[in-house]
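Structural features, examined
The residues making up each chain are set out below.
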Amino acid sequence: LALAELAEDDAVEQVCTNDAQEDALADEPMLAISFYLLTLGWTTQVIAREFFLSDLDLNRILLRLDRLGLITLYCENRLKVRVRLRPPGACSARLRDLMLAGVRSQLARSELDGAATLWSGGMVRLGPDSFERTRNRLQALVDEIVELSRHDKHLDGQQVKWFGVCAMLAPELNLEKPRADARRNAPARARPAIHQRT
């Protein structure tokens, strides 16, 4: 029966999480981490090994996810992920605030000159079309890195490290502010004279 339900579920398109589910994840970080990893294809055994979860802790997390409607739990900890997380810009305010706090903390504490930190930067001037194309490319880059992580999920803990991934395009205040100040202080340009026909 469980196998039949799993097969039937595979044919059903996943829906997205709702505010109540996302607020519950925001309240329990380990619950959120576990669910996120399950959506990436991690098994419960690998999650328990990675975070040193006891059988009791793992069962509590899985039962909670099941009650929230995020997964369907079957016997022997087999499960089906029922929903997918909404992107940060569309999720509940509480979960979004938690994500933003994590990104800010990561940026503030990262050793940018350390050998373990990869980063690259530059200053660009973009129009609306180029901005949208950049948005899509940044998301594609993050998706590609997440896919690389899927391949490494079974590696031993001594072989891997956790990394925060943040692809960011933000207003360049070091240029925008002086430019705005200069625009305000610049003398008005003389308008070309209009010659009237007589």
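The notes below deal with the structure included here. (Residues numbered from 1 in each chain as written. Predicted model: local features only at pLDDT ≥ 70, side-chain atom pairs only at ≥ 80, totals over all residues. Heavy atoms only, no water.)

1. Section: the packing of helix 2 (residues 19–27) against helix 6 (residues 93–109)
Helix 6 packs onto helix 2 with a crossing angle of 40° between their chain directions and a minimal axis gap of 7 Å. Here helix 6 runs oblique to helix 2, going by the angle between their axes. For the element pair helix 2 and helix 6, the recorded crossing hand is left-handed. Of helix 6, the residues touching helix 2 (which contributes Glu22, Asp23, Ala26 and Asp27) are Arg94, Leu95 and Leu98. Its residues assigned to classes, the contact of helix 2 with helix 6 comprises three nonpolar, no polar and four charged. (Axes fitted to C-alpha atoms, helices over the stretch in contact; angles between N-to-C directions. Helix = DSSP H or I, 4+ residues; strand = E, 2+ residues; numbered from the N terminus. Parallel < 35°, antiparallel > 145°, perpendicular 65-115°, else oblique. Left-handed = near helix turned anticlockwise from the far one by under 90°. Contact = heavy atoms within 4.5 Å. Nonpolar A, V, L, I, M, F, W, Y, C, P; charged D, E, K, R; others polar.)

2. Thoughts on the nonpolar core
Among soluble globular proteins, nonpolar side chains are generally buried collectively. In terms of nonpolar packing, the biggest core is built from 22 residues, with Leu25, Phe35, Leu38, Leu65, Leu70 and Ile71 touching the most fellow members. For this core, the element with the most residues is helix 3 (residues 29–39), which contributes five residues. If we skip the residues at most four places from it in the chain, Phe35 touches Thr17, Leu25, Leu65, Leu70, Ile71, Val81, Val83 and Leu85. (Core = buried A, V, L, I, M, F, W, Y, C linked by side-chain atoms within 4.5 Å. Buried < 20%, exposed > 50% of the residue type's maximum accessible area, 1.4 Å probe, protein only.)

3. Describing a nonpolar patch on the surface
Taken together, the side chains of Val124, Leu126, Phe131 and Leu169 present a nonpolar region at the surface, about 340 Å² in accessible area. Its place among the elements puts Phe131 in helix 7 (residues 128–151). (Patch = residues over 30% accessible without salt bridge, like charges linked within 9 Å, V, L, I, M, F, W, Y side chains within 5 Å. Areas by Shrake-Rupley, 256 points an atom, 1.4 Å probe, with all protein chains shown as cover. Salt bridge = Lys/Arg side-chain N within 4 Å of Asp/Glu carboxyl O.)

4. So, the packing of helix 2 against helix 3
The interhelical angle for the contact between helix 2 and helix 3, taken along N-to-C directions, is 120°, at an axis separation of 5 Å. In contact with Ala24, Leu25 and Asp27 of helix 2, helix 3 contributes Pro29, Leu31, Ala32 and Phe35. Its residues placed into classes, the contact of helix 2 with helix 3 shows six nonpolar, no polar and one charged.

5. Some points on empty space enclosed by the protein
The full count for this structure, using the stated rule, is one cavity of 30 Å³ or more. Put simply, the largest cavity is a space of about 30 Å³. Take the lining of the largest cavity: its biggest share by element is three residues, from helix 5 (residues 55–67). Class assignment of the residues belonging to the lining of the largest cavity gives a composition of six nonpolar, two polar and no charged. (1 Å grid on protein atoms, 1.4 Å probe; cavity = no way out; pocket = protein on both sides within 12 Å on 5 of 7 lines; lining within 4 Å. Points joined across faces, edges and corners; volume = space filled by probe spheres on them.)

Distances and angles like these do not, on their own, reveal function.
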